[in-house]
Amino acid sequence: MTNTFVDIQHADFIMVMGGNAAEAHPVGFKWVIEAKKKKGTKLFVVDPRFTRTASVADFYAPIRSGSDIAFLGALINWLIENDKIQWEYVKAYTNASFIVDEGYDFDEGMFVGYDETKKKYNNENWYYQLDANGYAETDPSLHHPRCVWQLMKKHYSRYTLDMMHNICGTSKEDFLKVAQAWGEMAAPNKAGTILYALGWTQHTVGTQMIRTMAMVQLLLGNIGMSGGGVNALRGHSNIQGLSDLGLLSTALPGYMVLPNETNHPTFADYLAKQTPKPLRPGQLNYWGNTPAFFVSFLKWMYGDAATKENNWGYDWLPKWDKMYDILQLTDLMYQGKINGLLVQGFNAQGSFPDANRVTEAFSKLKYMVVMDPLKTETASFWENHGDAHDVDPSKIQTEVFRLPTPCFAEEAGSIVNSSRWLQWHHPGAKPPGEALPDLDILAELHMLLKEMYEKEGGTAPEPITKLNWPYKNPYAPTPEEMAKESNGRALADIKDADGNVIRKKGELLDGFAQLRDDGSTSCATWIFSGSWTEQGNQMDRRDNTDSGLGNTPKWAWAWPANRRIIYNRASCDPSGKPWNPDRVLIEWDGKKWSGADVADFKADAAPDSGMNPFIMNEEGVGRLFCARKLVDGPFPEHYEPLESPIGTNPLHPKVVQTPAMRLFDSVKDRVGTRQDYPYVGTTYRLTEHFQFWTKSVKLLMIAQPQQFVEISEELAKEKGIAKGDWVKVSSKRGWIKAKAVVTKRVKPLQVNGQTVHQVGIPLHGGWENVSGEKQFLVNSLTPFVGDCNTQTPEYKTFLVNVEKA
Ligand SMILES: Nc1nc2c(c(=O)[nH]1)N[C@H]1C(S)=C(S)[C@@H](COP(=O)(O)OP(=O)(O)OC[C@H]3O[C@@H](n4cnc5c(=O)[nH]c(N)nc54)[C@H](O)[C@@H]3O)O[C@H]1N2
Ligand SMILES: Nc1nc2c(c(=O)[nH]1)N[C@H]1C(S)=C(S)[C@@H](COP(=O)(O)OP(=O)(O)OC[C@H]3O[C@@H](n4cnc5c(=O)[nH]c(N)nc54)[C@H](O)[C@@H]3O)O[C@H]1N2
Ligand SMILES: [Mo]
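As a convention, each chain's residues are numbered from 1 in the sequence order in which they are written. Ligands are numbered from 1 and chains lettered from A, in the order in which they are written. Selection of residues for local features in this predicted model requires a pLDDT of at least 70, selection of side-chain atom pairs for listing and counting requires 80 or more, and totals for whole chains, interfaces and linings are taken over all residues. Side-chain metrics in this entry use all non-hydrogen atoms of the structure; hydrogen atoms and water are not considered.

Let me state the cut-off plainly: UniProt positions are given in the numbering used here, feature names are shortened, and annotations may be inferred rather than shown by experiment.
Per an unreviewed UniProt entry, the protein goes by the name Formate dehydrogenase and belongs to Neisseria arctica. Check the Subcellular location (unreviewed entry) section of the UniProt entry for the protein; it says "Periplasm".

The following block contains the structure:
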């Protein structure tokens, strides 16, 4: 979230699109209700299904799953045509005036630079025109035909009301109600918020769906404002922490990238490429501090073994060749290229797409280790469970080891919520039986590997043997020890610019401003620096004193620097006056920025310093045109899902799906057609269950005992299905059996001249449950393809058939 859950109470308008917050985030949703009650804020919902969020909304509009870019692109077009733009903000705080490279082009669904053989774009021309000093050229009048504003206007002029209706199935009247509500948020003192989650991320074009909305929020001047923002409501309790800690295959902690084998073969290459220069004169770009963050990270990794002479151990860090996302890994297992798999707190058999293919992939492993408090479908993937999982155990060679762990509630540690708050928690109970904390298991594994490497040698032993392991008990590091490493410490006396010692050797740091690039500091996660200082564990604070606008700076600790709303410099106009005097986050007092929040800016940089608010961007401003950051285009464009119910793209029939999609050869025969599978399937969650594990909780199985699917009254009639009948839902990849819920909540839509039916499928099933019923894995149905940028699987839109079972 750019903002916080608490801040939702200040919104002048709330849209939930691409999520179902009342169901999946019922506690945080309280703040939506507060806004409605206290200020009469209107809540609008756009979703393929009439959800529990829709049931408390002021307005609901249906949409065909997978078509949101057409909806939001039409919204951009409508805002431009109706002059609902926060002009001062757009001119000063976005790249609207930046002039784009001469070679940039978009034609008939293709951006310039596509390589047909590699099935990839070369994004060289998706960039700005630079002057002799390397600064981006701009045209503040916005008239230049190649300025971002003009290119954007042209790009979205194709997204007419008719086009929107044709692609989304949403009526023009419904769309206009949404557009008008957003249009009111263009007033400088108004801010609307968007709450979204998987309804946007789980598509082949998911990243671009979110980007389209981010563009809308920039056009309306809603970023950095209290009550505004682009707010991703996160998933698992610590999934925010997972991305913060860099647990993705190409990431390092604090959103640094893991070195890449071609881009960063040496330490010098890494620093040169990852320390970008500002694109406008006078701009601060905080990534200019990469050397301090990165060297401190390496000092944490390799301790005393990291020296200036060996580039702080840079060569021991792995260099990636490609992303090892869950699809890539599963495909490698399927090809027999992986021998062993360690599955920690993950029910991959339940949660990965194309579950039958996942079983085949697991069957080719020699061994699998499952660290989990429960017996999961992953641990029992080799067992036969009849129709629900019809495999032959005698043909599966994989040896499975189960290592019981505590559940998160039985351990201490920090959990980062969607608001970026690190909240320390304490164990609620002792773990039962033989359960060992995850830390102990991994530490013991590390100690054994280290011993083996030290005794026997091997290829490249240093990444293990040189790893810094300073824990009191090396077999059981504590969460407290790890948290302090995240915060960082001085390895020598640290001095300020005037030569005064600000941290003594051995002391915990106060924040990332104290990090150094000369090896005198160590820090695992620069964005967490400040969370456990010499003043103690800041994450464990529970003082809810309000510093204004519901900000509680002494409750837990938010990254970065305990700042609650990021980009908040943009809540003031260029002269430093708040756009909305009734909701002041920060303001310029003549000497410094101060207010209810910590300024997301150089604290003493005067408004006329030439510095712009978006200090994490080279541009210093928000990106309407996204220069060279994404693989599938600098402007979001609507493309159909891998499996399209209309089989064409009304915007450009020659290019139906995104050209940047990665489809593995081994699954090309597992893609269904609309002739065989005419309906759109979409999977989602229920409040009563959490993912795949609460099937083990009796009370929750009583609350929500059976697998079901939601179908419209119209489809039920066509198919002769009655409420409560067993139905078989099938896709090109597999089938499931579930109870039919025939409902008014899903309605057929008219899309591109045809009727499109959508089938809603809750995801929580599986054979490991306490009900005694052999439930199916919903992911037997879903396609093995991901978002082109993140590779998050396309769980939200695929083709199915439905029959009475
Ligand atoms: N009770 C409970 N809470 C949970 C979870 C749980 O399992 N149970 N899981 C947690 C996790 S891990 C996560 S990631 C979050 C997920 O939180 P959400 O994303 O809110 O949950 P979902 O139910 O997967 O999907 C949200 C909505 O997206 C809609 N949708 C599908 N396709 C589209 C589309 O193309 N466009 C639009 N506009 N909407 C679409 C679906 O109909 C659904 O209503 O929830 C978390 N909270
Ligand atoms: N069709 C479809 N599939 C989906 C989705 C969808 O919307 N549709 N959503 C996707 C999303 S957003 C997510 S997040 C994934 C979730 O996928 P998974 O993470 O695979 O699903 P969970 O069931 O939450 O599995 C978490 C496991 O962690 C265990 N656990 C709990 N505490 C601890 C602990 O302290 N230590 C260890 N070692 N284990 C612990 C639990 O018992 C549980 O088995 O599913 C994805 N799959
Ligand atoms: Mo999730």
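Moving on, there is more to tell.
What about the overall build of the protein?
Rules: Segments assigned H or I by DSSP are reported as helices when at least four residues long, segments assigned E as strands when at least two residues long, and all are numbered from the N terminus. This radius of gyration counts C-alpha atoms alone. The globule rule is 2.2 Å times how many residues there are, raised to the power 0.38. Here the term buried applies to any residue with accessible area under 20% of the maximum for its type, exposed to any over 50%, and partly exposed to those in between, with areas from a 1.4 Å probe on protein chains only. Any two residues whose heavy atoms approach within 4.5 Å are treated as being in contact. Where accessible areas are quoted, they stem from the Shrake-Rupley method and a 1.4 Å probe; at the residue level, only the protein chains shown are allowed to cover.
Check the secondary structure of the protein and you find 21 helices and 33 strands. Taken over C-alpha atoms, the radius of gyration comes to 26 Å for the protein, in line with the 28 Å a tight globule of 805 residues would show. Referenced to the eigenvectors of the C-alpha coordinate spread, the extents of the protein come out at roughly 80 × 70 × 55 Å. Counting every position in the protein, which comprises 805 residues, the buried fraction comes to 57%. Considering only contacts within the protein whose residues lie at least 6 apart along the sequence, 70% involve residues at least 24 apart. Working note: accessible area of the protein is about 32500 Å², and carbon and sulfur atoms make up 53% of it.

Digging into the site of ligand 1
Where we set the bar: Near, as used in this document, describes a residue that has one of its heavy atoms within 4 Å of the molecule or strand being considered. Any pair of N or O atoms that falls within 3.5 Å is considered a polar contact. Within protein, one atom must be able to donate a hydrogen and the other to accept it, and sequence-neighbouring residues count only if both atoms are side-chain atoms. Polar here means any residue other than Ala, Val, Leu, Ile, Met, Phe, Trp, Tyr, Cys and Pro, which are nonpolar, and Asp, Glu, Lys and Arg, which are charged; Gly is therefore polar. By convention here, the domain bounds are inherited from an automatic or database domain assignment.
What surrounds ligand 1 is a group of 31 residues, the closest being Asp47, Gly66, Leu198, Arg685 and His689. Take alanine 24: an N or O atom from its main chain is 2.7 Å from a nitrogen atom of ligand 1. If you list the elements that add at least two residues to the shell around ligand 1, you get helix H1 (21-24), helix H9 (198-201) and strand S26 (679-684). Here the residues of the shell around ligand 1 sort into nine nonpolar, 16 polar and six charged. Looking at the shell around ligand 1, you find at least three residues from each of domain 1 (15-232) and domain 2 (665-804).

A closer look at the UniProt feature "domain: Molybdopterin dinucleotide-binding" (unreviewed entry) in the protein
Per the UniProt entry, the sites bearing "domain: Molybdopterin dinucleotide-binding" (unreviewed entry) are residues 682-798 in this numbering. End-to-end, the C-alpha atoms of residues 682-798 are 7 Å apart, and along that stretch the chain is 11% helix and 31% strand.

So, the site of ligand 2
Neighbouring residues of ligand 2: 29 residues in total, closest His236, Asn347, Asp372, Gln691 and Asn779. At 2.7 Å, a side-chain N or O of histidine 236 approaches an oxygen atom of ligand 2. Here an oxygen atom of ligand 2 and a side-chain polar atom of glutamate 411 are 3.3 Å apart. Coverage of ligand 2 by the protein amounts to 90% of the 910 Å² it exposes when considered alone. The residue makeup of the shell around ligand 2, split by class, is 12 nonpolar, 12 polar and five charged.

Structural notes on the domain arrangement of the protein
A common way to express how large an interface is: the accessible area buried when the components associate. Rules: Throughout, the accessible surface (probe 1.4 Å) given up by two parts as they are put together, summed over both, is called the buried area. Salt bridge, as used here: a side-chain nitrogen of Lys or Arg that lies within 4 Å of a carboxyl oxygen of Asp or Glu.
Segmenting the protein into domains produces domain 1 (15-232) and domain 2 (665-804). Centre-to-centre, using C-alpha coordinates, domain 1 lies 29 Å away from domain 2. Contact residues are listed per partner, giving 27 residues for domain 1 and 30 residues for domain 2. Between domain 1 and domain 2 lies a buried interface of about 2200 Å² when both sides are counted; carbon and sulfur atoms form 51% of it. Among the residues domain 1 hides against domain 2, the three largest losses belong to Arg49, Gln202 and Thr204. Together they make up 30% of the total. Where domain 1 packs against domain 2, one counts two salt bridges. A salt bridge links arginine 49 to glutamate 710, with the nearest nitrogen and oxygen atoms 2.9 Å apart. Scanning the region where domain 1 abuts domain 2 turns up 16 residue pairs in polar contact (both at pLDDT 80 or more).

Details of the side chain of aspartate 331
Quick note on the threshold: Counting rule applied: Lys, Arg positive; Asp, Glu negative; His and chain ends not counted.
Structurally, aspartate 331 is set in helix H14 (residues 326-334). Although buried, aspartate 331 forms no salt bridge, and the nearest oppositely charged side chain, arginine 357, lies 5.3 Å from it.

Some remarks on the UniProt feature "domain: Molybdopterin oxidoreductase" (unreviewed entry) in the protein
UniProt tags residues 1-381 as "domain: Molybdopterin oxidoreductase" (unreviewed entry). Its end C-alpha atoms 36 Å apart, residues 1-381 is made of 36% helix and 11% strand.

Focus on the pattern of salt bridges
Evaluated as defined, the whole model comprises 35 salt bridges. Its salt-bridge partner being arginine 623, residue glutamate 618 comes within 3.3 Å of it at the nearest N-O pair. Taken as a pair, glutamate 618 and arginine 623 share a single burial class, namely buried. Between glutamate 710 and arginine 745 there is a salt bridge, and its shortest N-O distance comes to 2.7 Å. Highlighted residues: glutamate 710 in strand S27 (residues 708-712) and arginine 745 in the loop between strand S29 (734-743) and strand S30 (749-751), separated in sequence by 35 residues.

Structural notes on helix H19 (residues 479-487)
Residues lying three or four places apart along an α-helix face the same way, a consequence of the helix completing one turn every 3.6 residues. All buried positions along H19 are accounted for by Ala483, Glu485, Ser486 and Asn487. Elements that come into contact with the buried residues of H19 comprise helix H13 (290-302), strand S16 (421-425) and strand S21 (532-533). Downstream of H19 by one or two residues, glycine 488 has phi in the positive range, about 100 degrees.

Some thoughts on the nonpolar core
We apply this condition: Side-chain atoms within 4.5 Å are what join buried Ala, Val, Leu, Ile, Met, Phe, Trp, Tyr and Cys residues into a set we call a nonpolar core.
Core analysis: the biggest nonpolar cluster contains 84 residues, and Met15, Phe71 and Trp149 have the highest contact counts within it. Once residues within four sequence positions are removed from consideration, tryptophan 149 is found in contact with Ile80, Ile85, Trp87, Val90, Ala96, Leu142 and Leu219. Within the second largest apolar cluster, 50 residues are counted, among which are Ala292, Phe293, Trp312 and Leu422.

Some details on the sheet that holds strand S12 (residues 340-344)
Selection criterion: Paired strands, as defined in this entry, are two strands with at least two bridges between them according to DSSP. To get an axis, a line is fitted to the C-alpha atoms, and for a helix only the part in contact is used. The angle between two axes follows their N-to-C directions and goes from 0 to 180 degrees.
Taken in spatial order, the three strands line up as S12-S13-S14 in an open sheet, and their pairing is parallel. The two strands at the open ends of the sheet, each matched to only one other strand, are S12 and strand S14 (399-403). Strand-to-strand, the axes of this sheet are offset by a mean angle of 15 degrees, without reference to chain direction. In the sheet, S12 pairs with strand S13 (residues 367-371) via five bridges, with the strands oriented parallel. Within the sheet, the bridge partner assigned to leucine 342 lies in S13 and is valine 369.

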